[in-house]
Number of protein chains: 4
Amino acid sequence: MDREIADLQTKLEDAFAAATALYRERGFQRRIGFGRKPALINVDLANAWTRPGYPFTCEGIDDRIIPATRQLIDACRENGHPVVYTTVCYQNPDPDDPRTDMGLWHYKIPIEIADQKNEDIWAIDSRIAPIDGEQVMIKKRASAFHGTYLAGYLRAAGVDTILVTGVTASACVRATVTDGLAEGFRPIAVREAIGDRIPGATEWNLFDIDAKFGDVEPLEACLAYLNSVNFRND
Amino acid sequence: MDREIADLQTKLEDAFAAATALYRERGFQRRIGFGRKPALINVDLANAWTRPGYPFTCEGIDDRIIPATRQLIDACRENGHPVVYTTVCYQNPDPDDPRTDMGLWHYKIPIEIADQKNEDIWAIDSRIAPIDGEQVMIKKRASAFHGTYLAGYLRAAGVDTILVTGVTASACVRATVTDGLAEGFRPIAVREAIGDRIPGATEWNLFDIDAKFGDVEPLEACLAYLNSVNFRND
Amino acid sequence: MDREIADLQTKLEDAFAAATALYRERGFQRRIGFGRKPALINVDLANAWTRPGYPFTCEGIDDRIIPATRQLIDACRENGHPVVYTTVCYQNPDPDDPRTDMGLWHYKIPIEIADQKNEDIWAIDSRIAPIDGEQVMIKKRASAFHGTYLAGYLRAAGVDTILVTGVTASACVRATVTDGLAEGFRPIAVREAIGDRIPGATEWNLFDIDAKFGDVEPLEACLAYLNSVNFRND
Amino acid sequence: MDREIADLQTKLEDAFAAATALYRERGFQRRIGFGRKPALINVDLANAWTRPGYPFTCEGIDDRIIPATRQLIDACRENGHPVVYTTVCYQNPDPDDPRTDMGLWHYKIPIEIADQKNEDIWAIDSRIAPIDGEQVMIKKRASAFHGTYLAGYLRAAGVDTILVTGVTASACVRATVTDGLAEGFRPIAVREAIGDRIPGATEWNLFDIDAKFGDVEPLEACLAYLNSVNFRND
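All of these numbers come straight from a predicted model, not from anything done at the bench. (Residues numbered from 1 in each chain as written. Chains lettered and ligands numbered in written order. Predicted model: local features only at pLDDT ≥ 70, side-chain atom pairs only at ≥ 80, totals over all residues. Heavy atoms only, no water.)

**A short note on the interface of chain D and chain A**
Next up, step 1: Each partner contributes to the interface: chain D provides 59 residues, whereas chain A provides 59 residues.
Next up, step 2: Summed over both sides, the interface of chain D with chain A buries roughly 5000 Å², with 60% coming from carbon and sulfur.
Next up, step 3: Linking chain D with chain A are six salt bridges, by the criterion used here.
Next up, step 4: In this structure, Arg30(A) engages Glu112(D) in a salt bridge whose closest nitrogen and oxygen atoms are separated by 2.7 Å.
Next up, step 5: At the boundary of chain D with chain A, the tally comes to 38 residue pairs in polar contact (both at pLDDT 80 or more). (Contact = heavy atoms within 4.5 Å. Buried area = accessible area lost by both parts, 1.4 Å probe. Salt bridge = Lys/Arg side-chain N within 4 Å of Asp/Glu carboxyl O. Polar contact = N/O pair within 3.5 Å; in protein donor to acceptor, adjacent residues only side chain to side chain.)

**Some words on the relation of the copies chain D and chain B**
Next up, step 1: Superposition record for chain D on chain B: RMSD 0.0 Å, screw rotation 180°, translation along axis 0.0 Å. Taken together, the rotation and translation describe the operation of a two-fold axis. Residue Arg155(D), judged by its C-alpha, is the member of chain D lying nearest the rotation axis, at 3.4 Å.
Next up, step 2: A shared interface surface links the copies, since 77% of the contact residues of chain D are contact residues in chain B too. (Least-squares fit on C-alpha atoms with pLDDT ≥ 70 in both.)

**Comments concerning the sheet that holds strand S5 (residues 186–195) of chain A**
Residues and elements named next belong to chain A.
Next up, step 1: The sheet built from six strands is open, its strands ordered S3-S2-S1-S4-S5-S6 with parallel pairing. In this open sheet, the two strands that pair with only one neighbour each are strand S3 (135–139) and strand S6 (215–217). Neighbour-to-neighbour, the strand axes of the sheet open up by a mean angle of 25°, direction not taken into account.
Next up, step 2: As defined by bridge partners, S5 adjoins S6 across three bridges and the pair is classed as parallel. Along S6, the bridge assignment pairs Val 190 with Glu 217.
Next up, step 3: Running at roughly 140° to S5, helix H3 (residues 61–79) makes contact with strand S1 (38–43), strand S2 (83–88), strand S4 (161–167) and S5 of the sheet.
Next up, step 4: Taken strand by strand, helix H6 (residues 172–182) contacts S1, S3, S4 and S5, and its axis lies near 165° from that of S4. (Pairing = 2+ DSSP bridges. Helix = DSSP H or I, 4+ residues; strand = E, 2+ residues; numbered from the N terminus. Axes fitted to C-alpha atoms, helices over the stretch in contact; angles between N-to-C directions.)

**Brief notes about the packing of aromatic side chains**
Next up, step 1: With the rule as written, the count across this model stands at 42 aromatic pairs over all chains.
Next up, step 2: Here Tyr149(A) and Tyr153(A) contribute two aromatic rings whose centre-to-centre distance is 6.4 Å and whose plane-to-plane angle is 90°, an arrangement assigned as edge-to-face. Neither residue differs from the other here; Tyr149(A) and Tyr153(A) are each classed as buried.
Next up, step 3: Here the basic side chain of Arg186(A) rests over the ring of Tyr107(D), its NZ or CZ set 5.0 Å away from the ring centre. (Phe/Tyr/Trp six-rings, centres within 6.5 Å; stacked < 30°, edge-to-face > 60°. Buried < 20%, exposed > 50% of the residue type's maximum accessible area, 1.4 Å probe, protein only. Lys NZ or Arg CZ within 6 Å of the ring centre and 35° of its normal.)

Functional significance is not addressed by these values, which are geometric in nature.
Written out as structure tokens, the structure reads:
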């Protein structure tokens, strides 16, 4: 299995290199850059995604994503930048009830487990627990912007740049980055803080994101940026 | 005071009659009608709006709006129609914190009282308490559609008609009706179930709504309609 | 007729005075103020609204709204502020075709006249014609934000304040102001540059707006503001 | 090069097979199915994407995507289903002007070529030209739903299912499918009618879509479905 994953990575890297040549020639893969007022958006780093034993459990959480996200959160708190956490849960998770707030998503994925009554499932991972003054947004769909007040919230706060972490690269993170750009924000995907649950998905989604929707940046660059701007002293 | 209010009503009715003549001649004030699948949207019938002593306390709640809304809710429950309740509260109601989820609204109205930590303030009025399977949507702005999952929720459920109740006519009810039409639903404002806190505001807002955005209908017609369609047997 | 309108105005002013007392006591009618980067949004100042003979023709256009809007546009052009014009038209204005892009609005108002093929109807009034670099947004519904790219456009441009002009106070202007606040912008309704087609509607809608959604400001204050900030030198 | 592409495809298929095993075990990759009222959404099948010589030119257009899309359009026209075409262009494509309607997207991709004044660039490919009564939506961002009236349009028409074609799989098609589900529609990605400009991107994006957001279905199944439902006889 590990051998196969390594082979896939190699093959994907070859494909990305070839695609990069075409993209550069055509004028894609430009840099959007960091702006002047960042916010941190932590996508679905809640127990059903970060802890073992759930259908949504992801890879790379303990050793990579949680530690990276903690560093980002700390840097935001030190500098007064807004921190937003998203999670997913439903008031009516009965797939047989047409009044369910799952909409049609349970026809594709097992979101019926995310019962709002069972907070253990959808609570933000305690290792990166929100503190007073930060926002926890319950969303019903993939994008952190869809069906939430995120865009208006960020605009009212004067934010122009969103650093995005979390899971999964192939769904909620990607949709958040795509919408973030569309709503007028500079999306930065923090490479070490993003993951998925199937091999290759993080790679191909970050590749697509970096080509077209936002910059994929290493953690160190993001931390340096967060420490270089101060939210209140504008 | 009562005399002045009666005078205002008379004068408004005269103005509405004159405007109606012009509107009819020009082709406004048409009927949108009831569709095939209704949902009931109860706007901000939460304690800070329905109980005495708050900045948001409204008129006509006990004798008119709550009883009418109860009848509508009962009819929905009997026939399986979705019922949605909206309320307003904030995780960070500190007006001096640029990270507040009040956005910019506290610069206009006293929403800083709606602290999410103080559920008494924003809980749905116990006389029309939601039951299991119904939706309570926390919104941050006026419209029930803005920054919420309401539009996608209704579309996924196959709803084509929204009956709107609640307060206030001059803000959240009106914005909900306006957006409801824009999102592709037939808005019906239930006359007896809508109110405000200043004289005249209910009248002029329902007049504008009926002229351009949705039908203002009496409670009896709405109840008859709700009992004439069945959500599941479609 | 003029006497009746004057009576209505007086009665409304009395009602507004009484309501203002209650609003002030309760903490409404606060000032949102001008921000740092304005844009001008001219709502539906297109021929079918500004020229005689259409169902949508409004009052006060020639002597008040057009001259005021011209001054605002000039001030924006001198200072580099973005100018946006909205209008309404439909690719398929056949009310009997379920595929019409009128949605359900033709069930309320005579929008079927706004045929995209007939540009005379929906072109921006030539007295305030857009110039190169400015935006003309075709919208399908009341709000300039609904079903358009306006919010993302303004955010990407760093705008935090919207000055709103146009018609009608009771529909598109009001919906634009309501949504503008919700999207995180400071809405300023320019009193002299807003109108309607029925007596009283401008007054009661501007009253509601000023109480809850944006500041109603005189033209002079808006011009002074536009001349005091420069879009590019930020 | 062809050998490398074939190798990549093989490796991706292996990865998809492994991922499918995990997804099935976890309850992903469910079928959303066809609903009762479809619409066809043709994403960006405009000259700059379908004809040679542009930065946006895609692969597989002439032999696969255009013929498949034509068949779908014909089936829709025969059965009265709504057909929507999206394209992208800008009124102010000057990347140095902060008032550009490109928002921030030109910081990532070469959209500055899509000048609204140069209709040849953004006109729908003449081989699948729209006819009277169909909708052409100019969008500014990736998703057909973002900054457009598409969601309200489809809801008002009673549509519950969207068949999606066009380019690119890694941007506008994917974003449209993701948003379509979120807005309450059943998204169906028509395999033969979707493409991209870099090897692998169509495959990995359709894989992600099918796992989580909509069903990827072959052309034949989609044609059979379109012919089995009639828009008007509902």
